[in-house]
Every structure is written in C-alpha cells, then in structure tokens.
Amino acid sequence: MDENLELLEYIYKNAEMGVFTMTELLKDLKEKENKIKPVVEKELKEYEHFLKQSKKYLKKYDAPLNKNGMMAKMMSSMGIKKETTTDNSDAAIAHMIIEGTTMGIVDIESKIKNYKDTADSKVLNLAKNFLKALECQIEELKKYL
C-alpha cells in the first residue's frame with residue numbers, strides 16, 4: 001500500500017473510532033455529574049476534525065473510505081459500558097481513554113518514522129498534527145488521574 005494512503009487510512013480509522021467511542025462515552029455520562037465531560041467533548045471535536053481532514057485527503061487520492069468494522073465498534077461500546085458501570089469516576093474514565101490513546105500514539109509515531117522520507121509533506125504534517133493532538137489529550141487527561 002502507498003505510504004500516503006496507509007497514513008491517511010490509519011488517521012481516518014483512528015479518528016472514526018475516536019468519534020464513535022467519545023460519542024458512546026458521552027451518552028453513558030449524560031445523566032452523571034462527571035467533571036471530565038468537557039474534556040471528552042473537546043476530544044470528540046478534535047477527532048471529528050481529523051476524520052474530516054483525512055477523509056478529504058483520501059478522496060483526493062480516490063481511495064476508499066474503509067471504516068472500522070461493526071465488531072470493533074461493538075467491542076469498544078461494550079468495553080465503555082462495562083468500565084463506566086463498574087467505575088464512572090473521572091479518574092477511571094481518564095485512565096481508560098489514556099490507555100486507548102497511548103496505543104494510537106505508538107502506532108502513528110511508528111508510521112511517521114517509517115514514512116518521513118517518502119510520504120507527501122501534507123500527509124506527513126496531518127499525521128504529525130494528529131500525533132500532537134493525541135499527546136495533548138493525554139496531558140489534559142492526566143489532570144483527572
């Protein structure tokens with residue numbers, strides 16, 4: 001697969017899953033008094049931004065929009081439901097999001113490193129901005145641990 005498409009598809013799928021999981025999480029927190037809700041809402045907007053940007057680039061490359069499978073979304077939804085039912089404290093929610101975000105950071109850092117010399121500079125910048133956004137999310141979430 002072309003490195004540009006691989007980077008873009010990774011950002012697209014990761015952002016799509018981020019939109020899905022943050023939306024599900026906000027549904028579960030709707031009637032609760034969690035102080036972390038504005039942070040989750042901010043993260044949702046960031047994921048929506050990167051979903052839109054990656055979609056725009058993928059269309060430019062005439063690439064298909066390969067969304068995450070229903071099984072991955074169901075597993076994510078069930079995991080969120082289980083975690084928030086077991087412990088819906090801000091610390092527990094921050095920990096859960098940090099774990100998922102950390103996996104995303106490791107993956108995107110690896111892709112950026114592997115393709116820094118071959119990917120289009122605009123695609124690489126989008127990937128770097130996505131990485132920076134994920135890192136900032138973790139820093140903001142650490143306040144709730």
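Everything discussed here concerns the structure shown above.
Owing to the predicted nature of the structure, the values given are computational and were not obtained by experimental measurement.

### Considerations on the overall build of the protein chain
Part 1 of the argument: For the protein chain, the helix and strand inventory stands at five helices and zero strands.
Part 2 of the argument: Tracing the protein chain from N to C terminus, the helices and strands come up as α-α-α-α-α.
Part 3 of the argument: A compact globule built from 145 residues would reach a C-alpha radius of gyration of about 15 Å, and the protein chain, at 16 Å, matches this within 12%.
Part 4 of the argument: Here the C-alpha coordinates of the protein chain stretch approximately 45 × 30 × 20 Å along the principal axes.
Part 5 of the argument: Within the protein chain, buried positions represent 46% of all 145 residues.
Part 6 of the argument: Restricting the contact set of the protein chain to residue pairs at least 6 apart, pairs at least 24 apart contribute 84%.

### A look at helix H1 (residues 3-29)
Part 1 of the argument: If you check H1, its first and last C-alpha atoms are 38 Å apart, about what 27 residues at 1.5 Å a residue would give, namely 39 Å.
Part 2 of the argument: The element H1 is largely enclosed, with a buried count of 20 among its 27 residues.
Part 3 of the argument: With a side-chain oxygen lying 2.8 Å from the backbone nitrogen of Asn-4, the N-terminal cap of H1 falls on Asp-2.

### With respect to the side chain of Glu-9
Part 1 of the argument: Within the fold, Glu-9 resides in helix H1.
Part 2 of the argument: Although buried, Glu-9 forms no salt bridge, and the nearest oppositely charged side chain, Lys-13, lies 4.7 Å from it.
Part 3 of the argument: Of the polar contacts made by the side chain of Glu-9, one reaches the side chain of Asn-66; its length is 2.9 Å.

### Digging into the nonpolar core
Part 1 of the argument: Counting 42 residues, the largest nonpolar core has Leu-7, Leu-25, Ile-36, Ile-108 and Phe-130 as its most contacted members.
Part 2 of the argument: Examining the composition of this core, we find that 11 residues originate from one element, H1, more than from any other.
Part 3 of the argument: In this structure, Ile-108 is in contact with Leu-7, Tyr-10, Ile-11, Ala-127, Phe-130, Leu-131 and Leu-134, ignoring residues within four places of it in sequence.

### A look at the environment of Glu-109
Part 1 of the argument: Tracing the backbone through its elements, the reader meets Glu-109 in helix H4 (residues 90-115).
Part 2 of the argument: It is 7.2 Å that separates the C-alpha atoms of Glu-109 and Leu-131, two residues lying 22 residues apart in sequence.
Part 3 of the argument: Leave out the neighbours within four places in its chain, and Glu-109 touches Leu-131 and Glu-135.

Definitions and limits used
- Residues numbered from 1 in each chain as written.
- Predicted model: local features only at pLDDT ≥ 70, side-chain atom pairs only at ≥ 80, totals over all residues.
- Heavy atoms only, no water.
- Helix = DSSP H or I, 4+ residues; strand = E, 2+ residues; numbered from the N terminus.
- Rg over C-alpha atoms; globule rule 2.2 N^0.38 Å.
- Buried < 20%, exposed > 50% of the residue type's maximum accessible area, 1.4 Å probe, protein only.
- Contact = heavy atoms within 4.5 Å.
- Expected span 1.5 Å × (residues − 1).
- Polar contact = N/O pair within 3.5 Å; in protein donor to acceptor, adjacent residues only side chain to side chain.
- Lys, Arg positive; Asp, Glu negative; His and termini not counted.
- Salt bridge = Lys/Arg side-chain N within 4 Å of Asp/Glu carboxyl O.
- Core = buried A, V, L, I, M, F, W, Y, C linked by side-chain atoms within 4.5 Å.

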